[in-house]
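Survey of secondary and tertiary structure
For reference, the chains in residue letters:
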Amino acid sequence: MKNSIEYLKSFYRTPVTPESFFLSLEGIEGSGKSTQIKHLEKILTDKGYRVLTLREPGGTEFGEKLREAILKSSTPLHPLAECHLFLASRAQLLEEKILPFLLVPKSVVILDRYIDSTMAYQGKARHLGLETVLELHRHDPLNLLPHRTYFLDITLETSLDRQAKRGQEKDYFESEKTEFYANLIDGYKEMARIFPERILTIDASKTPEEVSQVMALDLEKILA
Ligand code: Z5A
């Protein structure tokens, strides 16, 4: 298994445009991605970067329709059907928005969820397997990896606590059982082991300011 993952990794690439960066944020629900993206946008614009923030699924007209179709689905989708919908949204987003923006000098794309979500949710929690999902992404443009991914690590208890405080109606994934979430967290941790040079795991149970501080210090190194 390790060998085939290593083999599949060889099909992946990172953008090569000088002075442009591609960042993604990952984590289970309520891990603070949206909160931290606001901090990141401020840090980067203060440094003179042009920032484009996008979310998955979505970010294009077509992708937003797919988002609606998945998250509002009243029937459980087959895991492969679910997976392919996320990939369709991603391919369109890369083609229409991400790749053109990375050609702009001094630009940063910040993405709220990307390939690691598919690995954790569909690969691990829906049992498609990490290799299957890596295999599905190996072709252009889906094989583009971010320069840096921040995995905001919280426990299921923290996630549930934050969801309860927010008090919204549950969507398609939020009604899943505890086992699904345990697998999900395992999936993210496995990804951090497979891509140690790309994924930085951050203890996101800390205050938003403390989490932001860790990312700011890391960004200093990356941008240098
Ligand atoms: N999905 C998938 O299955 N496969 C894929 O390939 C992709 C996605 C791309 C999209 O959900 C769903 O699609 C997602 C995975 C699946 N399913 N779920 N669940 P979404 O975009 O609608 O939801 P989300 O990404 O999970 O967003 P979220 O719930 O808003 O989480 P967040 O952005 O990480 O958290 P937040 O909004 O910044 O914070 C949540 C609350 O916690 C809020 O009240 C904050 O004030 C509070 N918060 C944030 N940080 C802290 C700290 N540090 N301390 C205390 N409180 C905090």
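First, a word on scope: everything that follows refers to the structure included in this document. (Residues numbered from 1 in each chain as written. Predicted model: local features only at pLDDT ≥ 70, side-chain atom pairs only at ≥ 80, totals over all residues. Heavy atoms only, no water.)

1. Observations concerning the site of the ligand
The environment of the ligand is made up of 25 residues, and the closest members are Glu 29, Lys 33, Ser 34, Thr 35 and Thr 118. In the environment of the ligand, an oxygen atom lies 3.1 Å from a nitrogen or oxygen atom belonging to the backbone of Gly 30. Contact distances for the ligand include 3.2 Å between a nitrogen atom and a side-chain N or O atom of Arg 162. Taken by itself the ligand offers 1,100 Å² of open surface, and the protein chains cover 82% of this. The set of elements that each furnish at least two residues to the shell around the ligand consists of helix 2 (33-46), helix 3 (61-71), helix 4 (79-102), helix 5 (115-125) and helix 7 (156-166). At four residues, helix 5 tops the list of elements feeding residues into the shell around the ligand. In the shell around the ligand, the residues fall into six nonpolar, nine polar and ten charged. (Near = heavy atom within 4 Å. Polar contact = N/O pair within 3.5 Å; in protein donor to acceptor, adjacent residues only side chain to side chain. Areas by Shrake-Rupley, 256 points an atom, 1.4 Å probe, with all protein chains shown as cover. Helix = DSSP H or I, 4+ residues; strand = E, 2+ residues; numbered from the N terminus. Nonpolar A, V, L, I, M, F, W, Y, C, P; charged D, E, K, R; others polar.)

2. Things to note about the nonpolar core
Membership of the largest hydrophobic core comes to 64 residues, with the highest contact counts inside it found for Phe 22, Leu 25, Leu 44, Ile 98, Phe 173, Leu 184 and Leu 219. In contact with Phe 173, not counting residues within four places along its chain, are Ile 70, Leu 71, Glu 82, Phe 86, Tyr 121, Gln 122, Arg 126, Phe 180 and Tyr 181. (Core = buried A, V, L, I, M, F, W, Y, C linked by side-chain atoms within 4.5 Å. Buried < 20%, exposed > 50% of the residue type's maximum accessible area, 1.4 Å probe, protein only. Contact = heavy atoms within 4.5 Å.)

3. Considerations on the side chain of Asp 153
For Asp 153, the position within the fold is in strand 4 (residues 148-153). For Asp 153, a relative accessible area of 19% gives the class buried. The residues touching Asp 153, leaving out its near neighbours within four places in the chain, are Lys 189, Thr 201, Ile 202, Asp 203, Ala 204 and Ser 205.

4. A short note on helix 8 (residues 178-194)
For helix 8, built from 17 residues, the straight-helix expectation of 24 Å at 1.5 Å per residue is met to within 8% by its first-to-last C-alpha distance of 24 Å. Of all the positions in helix 8, only Phe 180, Tyr 181, Asn 183, Leu 184, Ile 185, Gly 187, Tyr 188, Glu 190, Met 191, Ala 192 and Ile 194 are classed as buried. (Expected span 1.5 Å × (residues − 1).)

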